[in-house]
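# Topology and contacts: notes
So the chains spell out like this:
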Amino acid sequence: MQDFLKANYHAHTFRCQHANGTEREYIEAAIDMGIETFGFSDHIPCPFQDGFVSNIRMTMDQAGEYVGCIRKLAEEYKDDIKIYVGFEAEYIPEFYPQQMAMFRSLGCDYMIMGQHFFKSEKDGPYTGTPTNDESRIREYVDIVISGMETGSYLYLAHPDIINYQGMDSVYDWEMTRLCRRMKELQIPLEVNVLGMAEGKQYPADRFWKVAGEVGNDVVLGLDAHCVNNIKDVDNYRKCMELVERHHLHLLDELTIGE
Ligand SMILES: [Zn+2]
Ligand SMILES: [Zn+2]
């Protein structure tokens, strides 16, 4: 068995409209790769008030079927792998109460935070849009900290999604502020394997340098949008090199449901 993740909590399904393959194929790939714990965390639906329909996430109405489908497969494969179901969620205060109510009523296992937008995607830009605006990076750090203070999220996915192109001193100051608060709250930070595979702005070496100095807990996340993402040994290795380069404190597994 080759060296690979023991646990992955970051995977999407076709319901988000930008992932493909079936849940069964994902699970069988995970078993083949020796993964012992696999969590589905598809993009959380948002209760838009004005009939807006997102093309990057499921609707509120689909959430029950999503959770039910994963629960059935979890039971079927329980002798081979531990399966969890949850969501990857932005912390958006206007949606948060309804999303939490849905989360509880469906009995989901966990949420990870992936702050892709500053506000509802209808009005807020993608947080990964390159910017020189200091107020953007500050706003990103503020919203992530407020969200994490709710205690609702297992970890912070791609914390380095923010694509600030201004002064290094500003970047280091704000990312140090983020990393220190995440450490106090005992929130692990995710090195995103898909970002490595796709040459995105994350994982960003300048961010992980800060996290290494602060001493954050770190996890790897496949962010699987297709079966091949679950077999991506090359980019797993590149992420492990990053972990070693910055002396990051890597956790193999997280505790869910306590
Ligand atoms: Zn994400
Ligand atoms: Zn994701």
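Residues numbered from 1 in each chain as written. Chains lettered and ligands numbered in written order. Predicted model: local features only at pLDDT ≥ 70, side-chain atom pairs only at ≥ 80, totals over all residues. Heavy atoms only, no water.

- Per an unreviewed UniProt entry, the chain is named Histidinol-phosphatase, and its organism is Roseburia porci.
- In its Catalytic activity (unreviewed entry) section, the UniProt entry covering the chain states "L-histidinol phosphate + H2O = L-histidinol + phosphate".
- Annotation of the chain in UniProt includes, under Sequence similarities (unreviewed entry), the sentence "Belongs to the PHP hydrolase family. HisK subfamily." (UniProt positions renumbered as here; feature names shortened; annotations may be inferred.)

### What to know about the pattern of salt bridges
- Counted under the stated rule, the structure contains 18 salt bridges.
- Between Asp-50 and Lys-122 there is a salt bridge; the shortest N-O distance is 2.9 Å. Remark: Lys-122 occurs in the loop between strand 4 (110-113) and helix 4 (134-148) and Asp-50 occurs in the loop between strand 2 (37-43) and helix 2 (63-76); sequence separation between them is 72 residues.
- Here Asp-50 falls in the partly exposed class, since its relative accessible area comes to 48%.
- Overall, Lys-122 belongs to the partly exposed group, its relative accessible area being 39%.
- For Glu-174, the salt bridge identified is with Arg-177, shortest N-O distance 2.7 Å. In this pair, Glu-174 and Arg-177 are both assigned in helix 5 (residues 168-184), three residues apart and thus about one turn of the helix distant.
- Using a relative accessible area of 4% as the deciding quantity, one classes Glu-174 as buried.
- Within this structure, Glu-134, Arg-138, Asp-142, Glu-174 and Arg-177 form a network of salt bridges that share partners. (Salt bridge = Lys/Arg side-chain N within 4 Å of Asp/Glu carboxyl O. Helix = DSSP H or I, 4+ residues; strand = E, 2+ residues; numbered from the N terminus. Buried < 20%, exposed > 50% of the residue type's maximum accessible area, 1.4 Å probe, protein only.)

### A word on unusual backbone geometry
- Geometrically, the link from Tyr-202 to Pro-203 is a cis peptide bond, its omega value of 0 degrees lying close to zero.
- Locating Pro-203 in the fold gives a position in the loop between helix 6 (193-198) and helix 7 (205-214).
- Positioned with a positive phi, Gln-17 is a non-glycine residue whose angle comes to about 75 degrees.
- You can see Gln-17 is positioned in the loop between strand 1 (7-8) and helix 1 (23-32).

### Some details on the nonpolar core
- If you look at the biggest cluster of nonpolar residues, it comprises 79 residues, and the most contacted ones within it are Phe-38, Phe-87, Met-175, Leu-178 and Phe-207.
- Phe-207 has contacts with Pro-159, Asp-160, Tyr-171, Met-175, Leu-178, Cys-179 and Leu-189, leaving out every residue within four places of it along the chain. (Core = buried A, V, L, I, M, F, W, Y, C linked by side-chain atoms within 4.5 Å. Contact = heavy atoms within 4.5 Å.)

### A few points about the packing of aromatic side chains
- Enumeration according to the criterion identifies nine aromatic pairs in this entry.
- Seen from their ring centres, Tyr-26 and Phe-40 are 6.1 Å apart, and the 15 degrees between their planes marks the pair as stacked. Here Tyr-26, found in helix 1, pairs with Phe-40, found in strand 2; they are 14 residues apart in sequence, far enough to count as distant. Of the two residues, Tyr-26 and Phe-40, both sit in the buried class.
- Relative to Phe-87, the ring of Tyr-66 has its centre 5.4 Å away and its plane inclined at 45 degrees; by these criteria the two rings are tilted. Here Tyr-66, found in helix 2, pairs with Phe-87, found in strand 3 (residues 82-89); they are 21 residues apart in sequence, far enough to count as distant. When sorted by exposure, Tyr-66 lands in the same class as Phe-87, which is buried.
- What links up through ring pairs into an aromatic cluster is the set Tyr-26, Phe-38 and Phe-40.
- The ring centre of Phe-118 lies 4.7 Å from the NZ or CZ of Arg-136, which sits over that ring. (Phe/Tyr/Trp six-rings, centres within 6.5 Å; stacked < 30°, edge-to-face > 60°. Lys NZ or Arg CZ within 6 Å of the ring centre and 35° of its normal.)

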